Structure formats: C-alpha cells, structure tokens
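Commentary on secondary and tertiary structure
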Amino acid sequence: MRKSIFIIILALTALPLLGSDIVIRDASIMTMGPQGTIERGSVLIRDGKIAAVGTDIEVPEGARVVDGQGKWVTPGIIDCHSHIALDSINEGGTSVSSMTGTEDVIDPDDFDIYRDLAGGVTTANLLHGSANPIGGKNQVVKMRWGKTAEELKFEGAKPGIKFALGENPKRPGIPLFTRGRDRRYPSSRMGVEDVIRDAFNRAQAYQQEWEEYESKKAQGVSPLISPRRDLQLEPLVEILKGERLVHSHCYRADEILMLIRVAEDYGFTIGTFQHVLEGYKVAEEIAAHGAGASTFSDWWAYKVEAYDAIPYNAAIMHNKGVLVSINSDSAEEARHLNQEAAKTMRYGGLSAEEALATVTLNPAKQLRIDDRVGSLEEGKDADLVLWNNFPLSVYAVAEEVYIDGEQYFSREMEAQRLAQLEEEKQRLLNQDKSKKGDKEEKVEDVDVITAAREGGRR
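Our subject in this report is the structure included herewith. (Residues numbered from 1 in each chain as written. Predicted model: local features only at pLDDT ≥ 70, side-chain atom pairs only at ≥ 80, totals over all residues. Heavy atoms only, no water.)

Considerations on the overall build of the chain
Secondary structure assignment for the chain yields 13 helices and 17 strands. Expressed as a percentage of its 458 residues, the buried residues of the chain come to 51%. Relative to all contacts within the chain whose residues are 6 or more apart in sequence, the contacts with residues 24 or more apart total 69%. Surface accessibility of the chain: about 21400 Å² in total, with carbon and sulfur atoms responsible for 49%. (Helix = DSSP H or I, 4+ residues; strand = E, 2+ residues; numbered from the N terminus. Buried < 20%, exposed > 50% of the residue type's maximum accessible area, 1.4 Å probe, protein only. Contact = heavy atoms within 4.5 Å. Areas by Shrake-Rupley, 256 points an atom, 1.4 Å probe, with all protein chains shown as cover.)

Written out as structure tokens, the structure is:
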C-alpha cells in the first residue's frame, strides 16, 4: 500500500511538462553529429523533435526559454545493456528460451526508470539474462516515466535477442546429480556451442519448410496444410533473415571467436558482443566480422572468466575499428554512465567526443535506432540532457532531461517532489498523533467514570 501511494505521488509530480516550443540557449552543445560541439549555441524543440541546432536561432513567440548559460547539452544517454523494469530476467529451465521475451513483462512502476532518468539516461536495451546459450528476446525502451509498459517501448526499434557464452549458460554451480535438480545440458563451453548450432540447424529446416509451403501456396496448390508454428524457432529464423539482432553475453577471446565462426557458418552477423572483456585480444576479428562491442569501463574480477580484463579494452577496440559502447548492466551504474564513458579518456586517450559517443551515438547505432536518437540533429527525436557542468566531469549532474521534447526530469521538479512528500509525511504523522491523543483521552475518561462508579458502590 505504501509503495502504491509513493508511486502515485511520484508519478503525479514527475509527469512530463507538455507545452509548445522550447529553446535551450547559450549553452555548450555536444551534438555528436556533423556540427560537432557548438559554443553558446541553442536547441529549438518543436513537436517532440529537434527543429534546429546552432548559434543563430530565433526564439519563436510563446516558446519556453531555458537559460543554458554556463551549462552543457548532450543527446540523451543510451544504455545498451540493462535489466531494469524486469522482475525476473532468466528463464533458466531450458537451454534455448527464444520463445520468451522481456517485452511482455515490463514493469513501468519500477523506480529504477526514474533513477536512470536522473542520470541522463533516456533509452535502454532491456535484455534477458545469461542463463541460456540462446536466451529470450529483448526490448528497447524510452524512460517515459509515468507511462504504461506499452508506451515505454521504443517504436520501430529493431528486434533483438540475448545469447550467452561461458560460465553462466554452462551452469557450473550445480553439482552433477544434485537431488531434486537435474543438471541441464550444456555443462561445458563446447556444449554451449553445440546447443547454438543445433538450434540453428532446426531453424534452417523450419525456415525451409515454410518457404516450400509459401511457394506451393503461391502456385495455387490445393489442398495444402501449413506447417506447425514453432515459437522457439521463429526468432532464430528472423536472425537468419537479418531481421533480428543477436546481443551476446561473453568474456573470453576464444568464445568470441567461436561465436563469430558459428554466425558466419549460418550466414548472419552478430549485433553486439556484450561485456566482451577480452575483446581487446580479438578486436581485429570483431571489426572484420562487423559486430559491435558493448563493454564495462573498469569492472571485472567478479568471477574467473572476468579476470583477464584491462581498462584500456574499450579504447583498444575503438582504435581497431570496432563500434564500442559502454553499458551498465546495473541500475546503480546506469546513474553515472557519463562518468563511465569519461574513463576511456583516462584509459586509452579517447577524445571527449569519442568518449561521449560510447554512451550516445554508438549504442544508438548498435541498436539500429541512430536515425532517431544518439545525436542532436534536425529532425531527430528531442531526447537530450541539460548538464550543470562538462558532462564528462565527475561534478556533472543532469539538471533537465527531455524525451520526445517533453521534460521528464529536472532538479527543480525533484526538489518540489521531495517537499511534497515531506509535507504529506508530516500531515499523516500529525493525523496519527491526533488519533492516538483522542484514544488516550477516551481511555482516561473511562478510567475516571469507572473509578467514580466503584467509589459510589463502596
């Protein structure tokens, strides 16, 4: 009940500000597009889109003006690996869970959506867990706090699916023949590859079955019975047809090369290698294959296969031609992805623009949504952040966050929300004290009456 009340108050006070044109002016603007970084520039937002970016923008009559003097504007941050707004992310009962998908179980009331917003995150890729060689389908969302689960979904984002290699899918933590828990195949890295190949063999046969059916149908063959639908194999057929992206959890170089071989044997390209801590060892092979890499800045050694990592990983892969992004995989890490990106300047010497691209334009390209977001260009979605400081500084905080031209977060709005919550808390406490006082007075009255009666009897 308390959670429900809190959600209602938070949703009501954090609803986006709707309005006409908005102009953020006199700010330093890192567009991440052809215009580069603009000093004392302005952004005009109209109808949810970026209408103009530059230094000579006139303020339309009636527009809301935001003073950006001394502040910075960037595209909204995009987290290419997130598990927020999901209660359970692993369907671990089977080795191939491609029939499942995070799109069906998004929790729009998860506070982490709002916390991500406060860190400047406007888009996230909600992924299945890493318990299976082939996991469930993912869903790209925008942080439209206060909207329904359906309204959070990024319209038109290319579908994807989670794969996983290494320790997680082979489940080494479950002893063989453990009573009450069958050890699920695979239990080795070799078995992980076998599961993936076997699934694609079945998917190819399924695809051929349907193609033959459609061919006969087009020829007017009758009678004709359609093949049985297989919800596990249909997403894999979409991968074979280039209609669905593979985002594969991985760490070790040998397994990265293994999955590249598998993909090329079956004629598709991996969308992104996720985590990919040993990517620096095989960066040229990743680049040649055409996959992206979404990694951590300096997070490792939390298990054996995550030990041989270096903080230069992102920069080395970038310099070898890999499209690199920095992800969170954590509701906490997501709140300061700007700082995580900045570490590539310290470890690897990337420029400020290259570093910021790892959490804006690059993940947008990896998710195939860069025609909509990732940079501040005319016609793109007005997803942007107003920072109080240089956005790659540890002192930078997001002051205002816009999605589709609507303001979903501001420090000022947050202060008002906290004040309203405190006011409500005090009102309820006073109400509770008042009720307790009434009860105590009634008890005292009863004691007096009882004593008087007993005295009269004596």
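The rest of the description comes next.
A look at the pattern of salt bridges
A side chain with one charge may pair with a side chain of the opposite charge, provided their charged atoms come close. All chains considered together, the criterion is met by 32 salt bridges. With a closest N to O distance of 3.2 Å, Asp 198 and Arg 202 form a salt bridge. Note that Asp 198 and Arg 202 are positioned in helix H5 (residues 189–218) at a spacing of four residues, about one turn of the helix. Using a relative accessible area of 37% as the deciding quantity, one classes Asp 198 as partly exposed. The class of Arg 202 is partly exposed, set by a relative accessible area of 32%. Residues Glu 234 and Arg 229 are paired through a salt bridge, measuring 2.9 Å at the closest nitrogen-oxygen approach. Residue Arg 229 is classed as exposed on the basis of its relative accessible area of 52%. When salt bridges that share partners are traced, they join Lys 49, Lys 142, Arg 144, Glu 155, Arg 372, Asp 381, Asp 383 and Asp 404 into one network. (Salt bridge = Lys/Arg side-chain N within 4 Å of Asp/Glu carboxyl O.)

Examining the pairing of strand S1 (residues 22–30)
Within S1, seven of the nine residues are buried, which leaves it mostly tucked inside the rest of the structure. Judged from the six bridges that link them, S1 and strand S2 (residues 37–46) form a sheet pairing that is antiparallel. Paired with Met 30 across the bridge in S2 is Thr 37. Where S1 hands over to S2, the hairpin turn is made up of six residues, of which Met 32 adopts a positive phi near 60°. (Pairing = 2+ DSSP bridges.)

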